[in-house]
Amino acid sequence: MRSRLMLFGCASILALTGAAMAQAEIETVVVTAAKGGAQKLLESPMSVQVLSDVELKAKHITDIHDLITTAIPGASEEEQIGIFIRDYALRGSGAGGGVGDPMIGYYIDDTAWAIPNSQVAPSLRMVDIDRVEVLRGPYGTLYGAGAMGGTMIFHTKNPSLDRLTVNADMTVAGMQNTDTPNTTVEGAISFPLIEGKLGLRVSGGYNYQAGYASVYSGAATGTPLARHANDVHQEDIRAVLLWQPTENFSARFQYWAFGGFQNYSTQMQSVSPAALTNWGDFKGFEKSHSNLYSASLEYNLDWATLTSATSYFRTAGENLYALYPTISLDQGGATQNGKYPGTYSLQQEFRLASTSKGPLHWVAGVYYQDARSLYWYTIPAFSIGAKTNVNTTNWSTFGEVSYDLFGGKLVPLFGLRYYNDDRSFTSTSNPDSTSPVTVNGSVKPSVTTWRANLSWHPVEDMTVFFNAGTGFRSPIMQSAPQVTALKTDGVDGQLSLKPDTDISYEVGFKGRLSDINVDYALSGYWLTYKNYQTGVNTTTGISAFANLGTARTEGFDLELHWYPLDGLTLGFTGNINRSVYGEIDPSVAALSSSGFDVKKGGQLLNTPGYTARFDIGYERDIGDGYTLYTNAAAIPTAKRINQYGVYSATYTLYNTAIGVRYGRYDVQLFGENLADARGPFYIRAVDSPKAMVVGPNPRTIGIRLGVNFD
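Here goes a summary of the coordinates provided. (Residues numbered from 1 in each chain as written. Predicted model: local features only at pLDDT ≥ 70, side-chain atom pairs only at ≥ 80, totals over all residues. Heavy atoms only, no water.)

**Considering the overall build of the protein**
We count it as follows: In DSSP terms, a helix is any run of H or I states spanning at least four residues, a strand is any run of E spanning at least two, and both are numbered starting from the N terminus. Atoms counted for the radius of gyration: C-alpha only. Globule rule: 2.2 Å times the number of residues to the power 0.38. Three exposure classes are used, based on accessible area relative to the maximum for each residue type with a 1.4 Å probe and protein chains only: buried under 20%, partly exposed in between, and exposed over 50%.
Broken down by element type, the protein carries 6 helices and 38 strands. Here the protein has a C-alpha radius of gyration of 25 Å; the compact-globule value for 710 residues is 27 Å, and the two agree. Considering only C-alpha atoms, the protein reaches an extent of 70 × 55 × 55 Å along its principal axes. Across the 710 residues of the protein, 57% fall into the buried class.

**Things to note about unusual backbone geometry**
Cis geometry marks the peptide bond from Ser 272 to Pro 273; its omega dihedral reads 0°. Relative to the elements of secondary structure, Pro 273 occurs in the loop between β16 (270–271) and β17 (274–276). A cis amide bond, omega 5°, links Gly 679 with the succeeding residue Pro 680. The backbone of Asn 278 shows a phi angle near 60°, a positive value even though the residue is not glycine. Position of Asn 278 relative to the elements: it lies in the loop between β17 and β18 (285–300).

**Quick word on the nonpolar core**
The condition that has to hold: What is meant by a nonpolar core is a set of buried Ala, Val, Leu, Ile, Met, Phe, Trp, Tyr and Cys residues, joined one to another through side-chain atoms within 4.5 Å. Contacts: residue pairs with any heavy atoms within 4.5 Å of one another.
Grouped together as the largest cluster of nonpolar side chains are 28 residues, with contacts concentrated most on Leu 56, Leu 67, Ile 72, Tyr 106, Met 152 and Phe 154. Mapped onto this core, the elements with two or more residues apiece are α3 (64–71), β5 (86–90), β6 (104–108), β8 (129–136), β9 (150–156) and β15 (249–263). Broken down by element, this core gets its largest block of residues, 4 residues, from α3. Other than its neighbours up to four places away in sequence, Phe 154 contacts Ile 64, Leu 67, Tyr 107, Ile 108, Asp 109, Leu 124, Met 126, Ile 129, Arg 131 and Val 132. Val 491, Leu 527, Ala 546 and Ala 551 belong to the second largest nonpolar core, which has 21 residues in total.

**Side note on the sheet that holds β9**
As a reminder, the rule being used: Two strands make a pair as long as DSSP finds a minimum of two bridges between them. The convention used is that axes are lines fitted to C-alpha atoms, helices contributing only their stretch in contact, and that angles between N-to-C directions extend from 0 to 180 degrees.
Strand order in the open sheet formed by 5 strands is β3-β8-β9-β6-β7, and the pairing between neighbours is mixed. The outermost strands of the open sheet, each flanked by one partner alone, are β3 (48–52) and β7 (111–112). Strands in contact with α3 are β3, β6, β8 and β9; relative to β9, the strand with the most contacts, it is inclined by about 130°.

**Thoughts on the sheet that holds strand β13 (residues 214–215)**
On the basis of which strands lie adjacent, the open sheet formed by 3 strands has the order β13-β17-β16 and mixed pairing. Edge positions in the sheet fall to β13 and β16, since each of these pairs with one other strand and no more. Judged from the 2 bridges that link them, β13 and β17 form a sheet pairing that is parallel. Note that in β17 the partner of Val 215 across the bridge is Leu 276.

**Points about the packing of aromatic side chains**
We apply this condition: For Phe, Tyr and Trp, where Trp contributes only its six-membered ring, two rings pair if their centres lie within 6.5 Å, and the inter-plane angle classes them as stacked under 30 degrees, edge-to-face over 60, or tilted in between. Consider the ring centre and the ring normal. A charge sits over the ring if Lys NZ or Arg CZ is within 6 Å of that centre and within 35 degrees of that normal.
In total, this model carries 21 aromatic pairs according to the counting rule given. Members of the aromatic cluster, connected to one another through ring pairs, are Trp 113, Trp 256, Phe 258 and Phe 313. One residue, Lys 35, lies across the ring of Tyr 143, its end atom 4.6 Å from the ring centre. Lying across the ring of Tyr 647, Lys 639 places its NZ or CZ 4.6 Å from the centre.

**Considering α3**
Rules: Nitrogen and oxygen atoms within 3.5 Å of one another constitute a polar contact, given that in protein one can donate a hydrogen and the other can accept it, and given that sequence-neighbouring residues count only through two side-chain atoms.
Among the 8 residues of α3, 7 are classified as buried, and the element is accordingly described as predominantly covered. Among all positions in α3, only Ile 64, His 65, Asp 66, Leu 67, Ile 68, Thr 70 and Ala 71 are buried. The N-cap of α3, judged by a side-chain oxygen 3.2 Å from the amide nitrogen of His 65 a few residues on, is Asp 63.

**Details of the environment of Trp 362**
Tracing the backbone through its elements, the reader meets Trp 362 in strand β22 (residues 360–379). Between the C-alpha atom of Trp 362 and that of Lys 35, which follows or precedes it by 327 residues, the distance is 9.6 Å. Discounting residues that sit within four places of it in the chain, Trp 362 has contacts with Trp 303, Ala 304, Leu 352, Ala 353, Ser 354, Glu 400 and Val 401.

**With respect to the environment of Arg 163**
The residue Arg 163 is located in the loop between β9 and β10 (165–175) in this model. When near neighbours in sequence (up to four residues on either side) are disregarded, Arg 163 contacts Ser 190, Phe 191, Pro 192 and Asp 710. One polar contact links Arg 163 to Asp 162, side chain to side chain, over a distance of 3.2 Å. Engagement of the side chain of Arg 163 in a polar contact is seen with the backbone oxygen of Asp 710, the distance being 2.7 Å.

**A few points about the pattern of salt bridges**
Two side chains carrying opposite charge are able to pair once their charged atoms lie near each other. Rule in force here: Here a salt bridge means any side-chain nitrogen of Lys or Arg lying within 4 Å of a carboxyl oxygen belonging to Asp or Glu.
The full count for this structure, using the stated rule, is 33 salt bridges. Close ionic contact of Asp 557 with Arg 91 constitutes a salt bridge, the shortest N to O distance being 2.6 Å. Taken together, the residues span a long stretch of sequence, with Asp 557 in strand β30 (residues 543–562) and Arg 91 in the loop between β5 and β6 at a distance of 466 residues. Residue classification places Arg 91 among the buried positions, given a relative accessible area of 3%. As a salt-bridge pair, Asp 666 and Arg 704 come within 2.9 Å of each other at their nearest N and O atoms. Taken as a pair, Asp 666 in strand β35 (residues 665–672) and Arg 704 in strand β38 (residues 700–709) lie far apart in primary sequence, 38 residues in all. Arg 704 matches Asp 666 in its accessibility class, with the two residues each being buried. By sharing partners, the salt bridges in this structure join Arg 91, Arg 136, Glu 506, Asp 557 and Glu 559 into a single network.

**Notes on a nonpolar patch on the surface**
Note the cut-off: Two joining distances apply to patches: 9 Å for like charges and 5 Å for nonpolar side chains (Val, Leu, Ile, Met, Phe, Trp, Tyr), and every residue must have over 30% relative accessible area and no salt bridge. Here, Shrake-Rupley sampling with a 1.4 Å probe gives the accessible areas, and only protein chains in the shown set may cover a residue.
Taken together, the side chains of Met 170, Val 172, Val 185, Ile 658, Val 667, Leu 669, Ile 703 and Leu 705 make up a nonpolar region of the molecular surface, amounting to roughly 610 Å² of accessible area. Within the residue set of the nonpolar patch, elements represented by two or more residues are β10, β35 and β38. Look at Leu 705 and you get partly exposed, because its relative accessible area is 36%.

**Let's talk about the side chain of Thr 573**
Among the structural elements, Thr 573 can be located in strand β31 (residues 568–584). In this structure Thr 573 touches Gln 49, Ala 71, Pro 73, Leu 558, Glu 559, Thr 611, Ala 612 and Arg 613, once residues within four positions along its chain are discounted.

**Focus: the environment of Tyr 312**
Position of Tyr 312 among the secondary structure elements: in strand β19 (residues 304–321). When the C-alpha atoms of Tyr 312 and Asn 291 are compared, they prove to be 8.3 Å apart, with 21 residues separating the residues in sequence. Once residues within four sequence positions are removed from consideration, Tyr 312 is found in contact with Asn 291, Leu 292, Tyr 293, Tyr 344, Ser 345 and Leu 346. At a separation of 2.8 Å, a polar atom in the side chain of Tyr 312 contacts the side chain of Arg 314.

**Here's the deal with the side chain of Lys 35**
Take Lys 35: it is sitting in the loop between β1 (30–31) and β2 (39–40). When its relative accessible area of 9% is taken as the criterion, Lys 35 is described as buried. Dropping the residues within four chain positions of it, Lys 35 is found in contact with Leu 142, Tyr 143, Glu 349, Arg 351, Ala 353 and Val 363.

**Things to note about the pairing of strand β4 (residues 75–80)**
Across the 6 residues of β4, 6 count as buried, placing the element largely inside the fold. Relative to β5, β4 runs antiparallel, the two sharing 5 bridges. Bridge pairing in β5 places Glu 79 opposite Asp 87.

This is the structure we're talking about:
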């Protein structure tokens, strides 16, 4: 409690002590998350956070993991196997395990990263992101299933239609306990093919993160099997073609390939010193690759804007790790040489949004998805393995309408979405054996989600809002061995679980205190789940899934940005969260933990009680065309409990950067995790020698060189 009061007390001081300071101009930020056109952030009646490309670079946020774990209040990493197989949570949503449809919606422009039966987030780097919009809480009417806890929208950069632009960065950094430097090279070129009408942008990058962990065949004694072993290679390439033949029509075509490779794993048996033990003679690894194709067409009808968003992507990942016994995971058929079908998603959305200046505003649309996923695993020591193919053909129709009362001072909004899913699965036990067992099944869930919102704009720079809405997630599919294991332990296991739903209530206000140059946003939320789908550990050693019961999450989000002097910025983002179980099935609860009682009122697994970030930045001209800038941040994170009743460490990351810009050139020195905090922040298992823990990367200090020809 003392830590929480300190966090919010310090943030309040930022807002209250600037009355006598000089004023600076504050940038106006816009969002498009409501799908009805651009809207000022301060006027948007939603709990939404925006991070621009400039802010991402200033805070040295280079990938989705940095973004979620250091910059978004209430966000946390829920599970991690390697650098690519990661699951995240917002406000406690996402704590049910790594399999099943996502509880957070991820969008790349208009494309939903929607993989059935998988919560793995896209392994994006921020090299070509224009801005990120984060919606907290369920917005099921706009973003459908898979957005129970929130939605993250990654808006990518467009080509220039009138000039040649070139951007490039190179980073070299030394990380504690490594023998080679981290290196990153990335760049983009954009040029008009037909001036004012047709443009092309090509970008890409490569990132190498040195290994810092030692690997031992058995216990951590004697000479290790390998040193500096868990190194990571990531790369991506992207091409965008933008065509605007008239003022009323535009077409945008995109191809993006991204992925990489990691030796061994980020799940360790010790984070200090960093060590992976009991690996035998296996060469562990993780690899991931994804390909995205998308086309967005937009036509202005004067009274409305018609948008067509089409996308197709394939993704695959595989993982091999030892740890008594060796376990292999394959998501997407990466290693099956075409023997099994891969993972893909084909999506189409049509929507129409009003553009009239009258008091009535609306958006309506239809959505269709044809998708398939594969989850395959094998555990040789137990002579078991399974593959589960999940196919879905789903569609939905949605709409929202609002009306300006009293000249726009009071705006009620209501929306609905109807979702229909035709989902089938095939589960095969020991598919490579002489006697595989195959089980087929199908479900056809449908649901109607709704949202009601009332916003009040008492003055130009202030918005007060109440938002209520529902979310929905399709049922988790699992294999026949998992069901058998559940029934052995007295749980009514099913190949297809019941879908879980949630309902959220939120009150918030946001605005700007122009006299003292402060932007603020505060919201309080209360959210309940029904038929909560969760992971369990059976007595046979097989992880499985079941409906646990109900759960509740509640808390506060706070954002403050203060500009007391020209060039000086002070910022705070923070969250206090309480996530607990409600009425639960005791037979499922008994398998949901080892040494930790899952009970009514007990804390949900892997949900921190608070997250926060304090920032201070300064920028000024130092003469002869040179600009000096600096940023420093402290990022504390609360402890969280795992299924063994063990709490992860409370820790604070300290990051800083100082740089000089001269015309088109930029040189920056930066430091990350300067106190070399090791956590761990995530604990999967604690019993030696099978412990699996993950901590922050060690202390890193480096230099970034940039060139910008815009």
